[in-house]
Structure formats: structure tokens, C-alpha cells
Amino acid sequence: MRQLTVQLEERSYPILIGSGLLTEAPRFFEQYGLTKKSPLLIITDENVAPKYLAGLEQTLRAADYTVVSAVVPSGETSKSLSVYQDMMTAAIEGKLDRSSAIIALGGGVVGDLAGFVAATYMRGIKFVQVPTTILAHDSSVGGKVAVNHPLAKNMIGAFHQPELVLYDVDTLQSLPPRDVSAGLSEMLKHGLIRDEAFAHWCEEHAEELLALDPEALGYGLERGCGIKAEIVSRDERENGERALLNLGHTIGHAIEAIAGYGEFLHGEAISIGMAGSALLGEKLGAPAGLYDDTVRMLRSLRLPVTMPKHLETDALMDAMMHDKKFREGHMVFIIPDRIGAARIVKDVPVSAVRDVIELLKKGAE
């Protein structure tokens, strides 16, 4: 088992990565303070529930935990206020109290939704992240939890750290190839912003990662989680450095919003966004070749790098204006200076962003 720690003083917590960890969940839950005297609520989705819910329920009940469960539709549409209300109803009907905990069993959508429920139920109760996707190696770490508004992604949210992240890599073996690639987008992102050697490692081991080779996947998840944990430990509430983790997300979130949270997986939209950020970096003075290198790395993981022409530029620009990173009339972007280094630019010309969108569309021709 690989173990990392997110260092946040009294709110520090472990990230446990290994095989067969779901069967050991009761031991870890007890070790990290989840009481057996109050009910647990497992929140999962329709794709994950048939595979892992019954087994986790049985394992926890055999260890004398009281467990109730709620299953939401799969996909980004479950990060809505209406589904959030349904989960609050499940928590109330399940008789959760201030000593209870919520277990997020699933990918990034489930983790964000369940975490936001935990952050707001009775003004905040414990929760545990049990990711079942590669993408969730990013979203399960750091305590950012949220639901979407029709006009903007993650606009309604909180910072609420989990008690632990329990990452059973056996759950990844059932992922469809498209979901594997989408998850690897965020893994590569960590290298692009902080670790040039790791970014090149992702490209060099792309086929092994895509094939879910246990050794390659274990190292990739550990290093990706480690980079995020290091940054979160220094900037929990995104007052500075943590914003670097948003590389590709300004354009990516706009794509998701305009396409309707369905046409693209999150990691696919972020991949296009990272290609756009590299183009923007070259426009703002980064060395020539940054875009070509970034695109080559993304393509090695079978990720999209061009903007679909049917997404209107004006609509995409408008969606970016609603993004949390739009401040005081200026566009805020995470801009790579080179592979492995990025910076926060708070006054990006709107015209430059529009030009990049058009160039990404031309690449799709």
C-alpha cells in the first residue's frame, strides 16, 4: 500500500492507495475516527452501485457499522441543487447526526456532491472519499466540494476536507477506455504545472497507463496525488499557489457548460483547455514549441486537443466570464511558461483568449 499525507495541521489526513482496500474499509474507518454509534450514508451512482455498493455495505455492517445508501444518476447532471436536496433528504431519513459520516463511493461527481452534502448537513459532518476512477485522484484530494449552477460549474461549494481518501485501485480495472484517458488528463496536468520529469514519464508510459498496468498506475497515482497534496498543504483555500491546479479549467469548464455537461467527459474538456493554455502561453511569451509538446503529450494519452466547431465562440467567452477565475473585469488564466512550470496571470487580454478559441477550432478542420 502507498500512503501520502495532506498536511493541514489538525485537519491533516491520509491518502491510501492500494489493492483490496475496500475489504479493509472498516479497519481504516475506525482508525481514522468514524464512530460505529452513528449511521454512515454511502452516496454513489448508478454505474458504481452494481459493482461495489453491496460489498461495501456488507463489509461495514459485518463490522457493526450502521449503513444507509443513496444512488444518484451517473454523470455531471447529478451535481445539481435538486439532487443535492435528495441527498439531504436521504441523510435526514437515515437519521444521521453530528457524529455520522458520509462516504463518497465513485468518481469526481459523486465526491463533489457527497462532500458538499457533508459540508452543509448539520453545518458540517465527517466524510470519506472512496474514489473509483482515475480522474478522482485529483478531485478526491484537497477538500473542494461543490454542485453546479446552470450558468457556471462549481459555483456553489465549500472547502471541506475528508477524514481520509481510500483509493482501491482494483476498482479502476472496470473503467471504459474513454474514462481511463479522461482520468489521465488530470494526472498529466500535475506534471505540466510542477514536474517536467513526471510529465515526460506520463508520455513515455502512456501505453502502460492506458492498459491499467498496476505498477505504472500505482506510481502515476501516487505522484499525481503527491503533487496536489504538496500544493494543497501550502494553500488550502486557493489564495495563491493552489490556483495552478486549475490549468486548462477555464476553457474546459466553458466547454462543459456550453456542451451541456454530457458531450465531453471532464478530463476531455480539460485536455482541450490545456492545449489552449499552451497556445496562450506562447502568445504571452513562452518559448515556441510549448504548444506542440503539450499536444503531443495529450495525444499520447488519446485525449482531444481541438475545439469542436459547433461550440460558438461568443457562448464560450460568455461562459468564461461566469467562471470563478473571472475577477474585476479581467480574465485570470493559469499559463504554462514551459513543461513543468506555470503561473497565474490575472490580466489576460480577452482578445487573446478569443484568438486561442478560434485557433483551437481551426485545428479541428
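For the structure, check the block above.
Let me sum up the structure you'll find in this document. Not measured: the values here are computed from a predicted model. (Residues numbered from 1 in each chain as written. Predicted model: local features only at pLDDT ≥ 70, side-chain atom pairs only at ≥ 80, totals over all residues. Heavy atoms only, no water.)

## Some points on unusual backbone geometry
Glycine aside, residues mostly have negative phi, and peptide bonds are mostly found in the trans state.
And step 1. Its identity as a non-glycine residue notwithstanding, Asp64 has a phi of 75 degrees, on the positive side.
And step 2. Summarising the element assignment, Asp64 is placed in the loop between α2 (49-62) and β4 (67-72).
And step 3. The phi dihedral of Lys95 falls on the positive side, at around 65 degrees, and the residue is not glycine.
And step 4. When you line up the elements, Lys95 lands in the loop between α3 (81-93) and β5 (101-106). (Helix = DSSP H or I, 4+ residues; strand = E, 2+ residues; numbered from the N terminus.)

## So, the pairing of strand β2 (residues 13-18)
The side chains of a regular strand alternate, residue by residue, between the two faces of the sheet.
And step 1. Most of β2 is tucked away, with six of its six residues classed as buried.
And step 2. Side chains of β2 alternate between two faces, with Tyr13, Ile15 and Ile17 and Pro14, Leu16 and Gly18 buried alike.
And step 3. Of the pairings in the sheet, the one linking strand β1 (residues 2-6) to β2 comprises five bridges and is antiparallel in character. The partner of Gln3 across the bridge, within β2, is Leu16.
And step 4. Hairpin connection, β1 to β2: the antiparallel pair is bridged by six residues, and Glu9 has positive phi, about 55 degrees. (Buried < 20%, exposed > 50% of the residue type's maximum accessible area, 1.4 Å probe, protein only. Pairing = 2+ DSSP bridges.)

## Thoughts on the environment of Gly220
And step 1. Along the polypeptide, Gly220 turns up in helix α9 (residues 214-234).
And step 2. Sequence separation between Gly220 and His137 is 83 residues, and the spatial gap between their C-alpha atoms is 9.9 Å.
And step 3. Not counting chain neighbours up to four residues away, the residues in contact with Gly220 comprise Met187, Phe198 and Trp201. (Contact = heavy atoms within 4.5 Å.)

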